[in-house]
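# Inside the fold
Next come the chains, spelled out residue by residue.
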Amino acid sequence: MRWAALAAVAVLLALPAVLGSYAVTVMILIFFYGFLGQAWNIVGGYGGQLSLGHAAFVGIGGYTAALLSIDHGISPWLGMVAGGVLAAALGALIGYLGFRFGLRGFYFVLLTVAFAEVCRILVSNIDALGGALGLYITFTGDPRQFQFQDQRVYYYVALALLLLATGVVAAIERRRFGIYLTAIREDEGAAEALGVPTLRYKMLAMIVSSFLTGLGGTFYAYYFFSLQPGTAFGIPLSVEIVIRPIIGGSGTLLGPILGSFILTPLGELSRTYFGQSGLHGLHLVAYGLLLIAVVLFLPQGAYPFLRRLAHGARA
């Protein structure tokens, strides 16, 4: 398994040399959304706490890095860490309110959506944050400002973020932290009866997840060079984050990555095809049909299904 992972990373490192510009763009999006899905996977997949407000952490991370750079001249590389810390603080607040008062399932989903909407409304109405028009970042091409002339650099930065999140999840999975999260997901009452400090570990999962997602906000801001409240904090972005682990297999190490490799090219190709045909928005129908198919035929996701096939073939 380790050698296969190293071989896969080596292939990904060499790919930009043979890929065209559009293919590199698609790969960047695959890595970035895979990273966000992997960050969500900590609390939503392993912990079983379904958050539909993770876009709030992306928005906070992006706005923090952009404002520190625009108003105070602080490099986004430092602003990225500051954004991650602020996102983790918001995650701790959401987690405490939700977990301390026993909100589960649909009620916790509503809490996370409510916080994301509050953030969107606040940012939309504060002129110092750009208001409803948002923030636009001037391209300088200065690497110290998280800007690169060569798009392949974004490829490697996005790949590094994905590997970082995957490494964190792998470390969690092998330790007591991951075992406790899985126990909480399967039966929280039984875990508490066995002495698992459920509040502490759910809080830790939420903080780590939101911190990593906040780091991704800086990449989001400086890859697209703009931030609008409706997109950076909106429910559609949260759905984009959540749907990849669900398709690939939430609560597994490779599920979010596989889900991103399935969904991102599908989304880009269908958006391009339907856009050229004048059928804007039909790519969302393709998303919906795929999600329905996975729920009906692969309820645990694509990765567990492929893993069972591989085990069956070896047997």
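Residues numbered from 1 in each chain as written. Predicted model: local features only at pLDDT ≥ 70, side-chain atom pairs only at ≥ 80, totals over all residues. Heavy atoms only, no water.

## Some thoughts on the overall build of the protein
The number of helices and strands found in the protein is 14 helices and two strands. The C-alpha radius of gyration of the protein comes to 19 Å, within 12% of the 20 Å expected for a compact globule of 315 residues. Here the C-alpha coordinates of the protein stretch approximately 55 × 45 × 40 Å along the principal axes. Among the 315 residues that make up the protein, the fraction classed as buried is 49%. Taking the intrachain contacts of the protein between residues at least 6 apart in sequence as the baseline, contacts between residues at least 24 apart amount to 76%. Entry remark: accessible area of the protein is about 14800 Å², with carbon and sulfur atoms responsible for 69%. (Helix = DSSP H or I, 4+ residues; strand = E, 2+ residues; numbered from the N terminus. Rg over C-alpha atoms; globule rule 2.2 N^0.38 Å. Buried < 20%, exposed > 50% of the residue type's maximum accessible area, 1.4 Å probe, protein only. Contact = heavy atoms within 4.5 Å. Areas by Shrake-Rupley, 256 points an atom, 1.4 Å probe, with all protein chains shown as cover.)

## Focus on unusual backbone geometry
A positive phi is found at Phe146, a non-glycine position, where the angle reads about 60°. By the element assignment, Phe146 lies in the loop between strand 1 (135-136) and helix 6 (151-174). A relative accessible area of 0% places Phe146 in the buried class. Positive phi values are uncommon outside glycine, yet Phe225 reaches one of about 60°. Looking at the secondary structure, you find Phe225 in the loop between helix 9 (198-224) and strand 2 (226-227).

## A few points about the packing of helix 6 against helix 9
Running from N to C, helix 6 and helix 9 point in directions that differ by 175°, and their axes come no closer than 11 Å. In this view, helix 6 runs roughly antiparallel relative to helix 9, as classed from their interaxial angle. Only Val208, Leu212, Leu215, Phe219, Tyr222 and Tyr223 of helix 9 make contact with helix 6, whose side of the interface consists of Gln151, Tyr154, Val157, Ala158, Leu161, Leu164, Ala165 and Val168. For the contact of helix 6 with helix 9, the residue count by class is 13 nonpolar, one polar and no charged. (Axes fitted to C-alpha atoms, helices over the stretch in contact; angles between N-to-C directions. Parallel < 35°, antiparallel > 145°, perpendicular 65-115°, else oblique. Nonpolar A, V, L, I, M, F, W, Y, C, P; charged D, E, K, R; others polar.)

## Here's the deal with the layout of surface pockets
Estimated volume of the second largest pocket: approximately 460 Å³. Around the second largest pocket, the lining comprises 20 residues; the ones closest to its centre are Tyr33, Pro236, Leu237, Glu240 and Arg271. Secondary structure elements with two or more residues in the lining of the second largest pocket: helix 2 (21-46), helix 9, helix 10 (229-232), helix 11 (235-248), helix 12 (255-276) and helix 13 (282-297). Of the residues forming the lining of the second largest pocket, the biggest block, six residues, is contributed by helix 11. (1 Å grid on protein atoms, 1.4 Å probe; cavity = no way out; pocket = protein on both sides within 12 Å on 5 of 7 lines; lining within 4 Å. Points joined across faces, edges and corners; volume = space filled by probe spheres on them.)

## Quick word on a nonpolar patch on the surface
Nonpolar side chains collect at one region of the surface, where Leu282, Val285, Leu289, Ile292, Leu296 and Phe297 lie side by side and expose about 620 Å² of accessible area between them. Mapped onto the elements, Leu282 comes out in helix 13. (Patch = residues over 30% accessible without salt bridge, like charges linked within 9 Å, V, L, I, M, F, W, Y side chains within 5 Å. Salt bridge = Lys/Arg side-chain N within 4 Å of Asp/Glu carboxyl O.)

## Some remarks on the nonpolar core
Membership of the largest hydrophobic core comes to 77 residues, with the highest contact counts inside it found for Phe31 and Phe219. Those elements giving two or more residues to this core turn out to be helix 2, helix 3 (55-72), helix 4 (76-100), helix 5 (106-124), helix 6, helix 7 (176-186), helix 9 and helix 11. Per-element tally for this core: the top contributor is helix 2, with 16 residues. Ile243, Leu263, Tyr287 and Val294 belong to the second-largest nonpolar core, a separate cluster that totals five residues. (Core = buried A, V, L, I, M, F, W, Y, C linked by side-chain atoms within 4.5 Å.)

## Some thoughts on the pattern of salt bridges
All told, the structure shown has seven salt bridges when counted by the stated rule. With a closest N to O distance of 3.4 Å, Arg104 and Glu188 form a salt bridge. Here Arg104 is found in the loop between helix 4 and helix 5, whereas its partner Glu188 is found in helix 8 (residues 188-193), with 84 residues between them in sequence. Close ionic contact of Glu186 with Arg185 constitutes a salt bridge, the shortest N to O distance being 3.1 Å. Connected through shared salt-bridge partners, Arg104, Glu188 and Lys202 make up one network.

## Some thoughts on the side chain of Ser238
You can see Ser238 is positioned in helix 11. Here the side chain of Ser238 touches Leu52 through a polar contact of 3.3 Å, landing on its backbone oxygen. Apart from the residues lying within four places of it in its own chain, the contact partners of Ser238 are Leu52, Gly53, His54 and Ala55. (Polar contact = N/O pair within 3.5 Å; in protein donor to acceptor, adjacent residues only side chain to side chain.)

## Focus: the packing of aromatic side chains
Within this structure, the stated rule accounts for 22 aromatic pairs. Three or more aromatic residues joined by ring pairs form one cluster here, namely Phe32, Tyr33, Trp77, Phe146, Phe148, Tyr154, Phe219, Tyr220, Tyr222, Tyr223 and Phe224. Here Arg244 stacks its cationic end above the ring of Tyr33, 4.5 Å away from the centre of that ring. (Phe/Tyr/Trp six-rings, centres within 6.5 Å; stacked < 30°, edge-to-face > 60°. Lys NZ or Arg CZ within 6 Å of the ring centre and 35° of its normal.)

## Considering the side chain of Gln38
Mapped onto the elements, Gln38 comes out in helix 2. Judged by its relative accessible area of 0%, Gln38 falls in the buried class. Among the polar contacts listed, one links the side chain of Gln38 to the side chain of Thr166, at a separation of 3.2 Å. The residues touching Gln38, leaving out its near neighbours within four places in the chain, are Ala165, Thr166, Val169, Thr252, Leu253, Pro256 and Ile257.

## Some points on the packing of helix 1 (residues 2-14) against helix 6
Taken N-terminus to C-terminus, the directions of helix 1 and helix 6 make an angle of 160°; their axes are 10 Å apart at the nearest point. Considering their axes alone, helix 1 and helix 6 lie roughly antiparallel with respect to each other. Of the two possible hands of crossing, helix 1 and helix 6 adopt the one that is right-handed. Facing Val9, Leu12 and Leu13 of helix 1, the residues of helix 6 in contact are Tyr155, Tyr156, Leu159 and Leu163. (Left-handed = near helix turned anticlockwise from the far one by under 90°.)

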